[in-house]
Amino acid sequence: MKQENPSTKFNASFERCINDPFFLDQFYEVFLSSSEEVSLLFKDTDMGTQKAMLMTSLVYMSRANNDEPDLLSTIAEKHNKNNLNIKPYFYSLWLDSLLTTAKAIDPVFDTKTEKLWRETLQPGIDFMVSKYDLV
Ligand code: HEM
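Computed from a predicted model, the values in this text were never measured in an experiment. (Residues numbered from 1 in each chain as written. Predicted model: local features only at pLDDT ≥ 70, side-chain atom pairs only at ≥ 80, totals over all residues. Heavy atoms only, no water.)

I would appreciate a short explanation of unusual backbone geometry in the present structure.
In terms of backbone geometry, most residues other than glycine have negative phi values and most peptide bonds are trans. Positive phi outside glycine occurs at asparagine 85, with the angle close to 55 degrees. Along the chain, the position of asparagine 85 falls in the loop between helix H5 (73–79) and helix H6 (90–105). (Helix = DSSP H or I, 4+ residues; strand = E, 2+ residues; numbered from the N terminus.)

Please clarify how the side chain of lysine 9 should be interpreted in this entry.
Structurally, lysine 9 can be placed in helix H1 (residues 6–18). Judged by relative accessible area, lysine 9 falls into the buried class, the value being 17%. Discounting residues that sit within four places of it in the chain, lysine 9 has contacts with Glu4, Asp110, Lys112, Thr113 and Leu116. (Buried < 20%, exposed > 50% of the residue type's maximum accessible area, 1.4 Å probe, protein only. Contact = heavy atoms within 4.5 Å.)

Help me understand the pattern of salt bridges in this model?
Scanning the model with the defined rule gives 8 salt bridges in all. Between lysine 51 and aspartate 25 there is a salt bridge, and its shortest N-O distance comes to 2.4 Å. Taken together, the residues span a long stretch of sequence, with lysine 51 in helix H4 (residues 47–63) and aspartate 25 in helix H2 (residues 23–32) at a distance of 26 residues. Classification of lysine 51 by relative accessible area gives partly exposed; the value is 23%. For lysine 115, the salt bridge goes to glutamate 119, with nearest N and O atoms at 3.1 Å. Of this pair, lysine 115 and glutamate 119 are both found in helix H7 (residues 111–130), 4 residues apart, which corresponds to roughly one turn of the helix. Take glutamate 119: its relative accessible area is 43%, and that puts it in the partly exposed class. (Salt bridge = Lys/Arg side-chain N within 4 Å of Asp/Glu carboxyl O.)

Which parts of the structure should I look at to understand the coordination of the iron atom of the ligand?
Its sole protein donor being His79 (NE2), the iron atom of the ligand sits 2.1 Å from that atom. Tracing the backbone shows histidine 79 in helix H5. (Donors = N, O, S within 2.8 Å, 3.2 Å for Na, K, Ca; no water.)

Got a minute to help me understand the environment of threonine 120 in this structure?
Checked against the element boundaries, threonine 120 lands in helix H7. The exposure class of threonine 120 is buried, given its relative accessible area of 10%. At 2.6 Å, the side chain of threonine 120 and the backbone oxygen of leucine 116 are in polar contact. (Polar contact = N/O pair within 3.5 Å; in protein donor to acceptor, adjacent residues only side chain to side chain.)

Nothing here speaks to function; it is geometry throughout.
Here it is, written out as structure tokens:
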């Protein structure tokens, strides 16, 4: 039987999600309700703009393990201690919220797919966190 390439399997799931018009709405619904602190951080945010920016940066995130993590540099700086001050523990809520949403949207999402999402996005998260308290 043909063995599917892991990155092909991730990309297929990622595309099913980002092509679904409800994916980002659902993600922010799950993420904002995951913690009061998170919902407060976004209380004055224009979520239309935010969704558009997340769409682009998710693509950067999905490439952070094989392309240049440089794509994420500006975003990481914006989130660091001196700017938005996004504390490192928020990133696990972010990733869990994204996976809960992907599981709800992608009809063929299984434990293997979940593992691939985590493995693919973790380097981008590690990069963001590594820039948290660099001055
Ligand atoms: C790796 C994960 C993340 C990515 C890729 C990401 C991406 C982005 C991007 C592209 C922006 C817009 C930056 C700009 O205005 O130039 C943004 C803004 C923001 N992000 Fe993140 N983010 C991530 C995680 C988080 C987490 C965990 C939090 C914590 C709650 C967070 C809170 C915010 C806030 C509060 C803003 C500003 C919203 C505003 O303009 O009102 N982000 N993020």
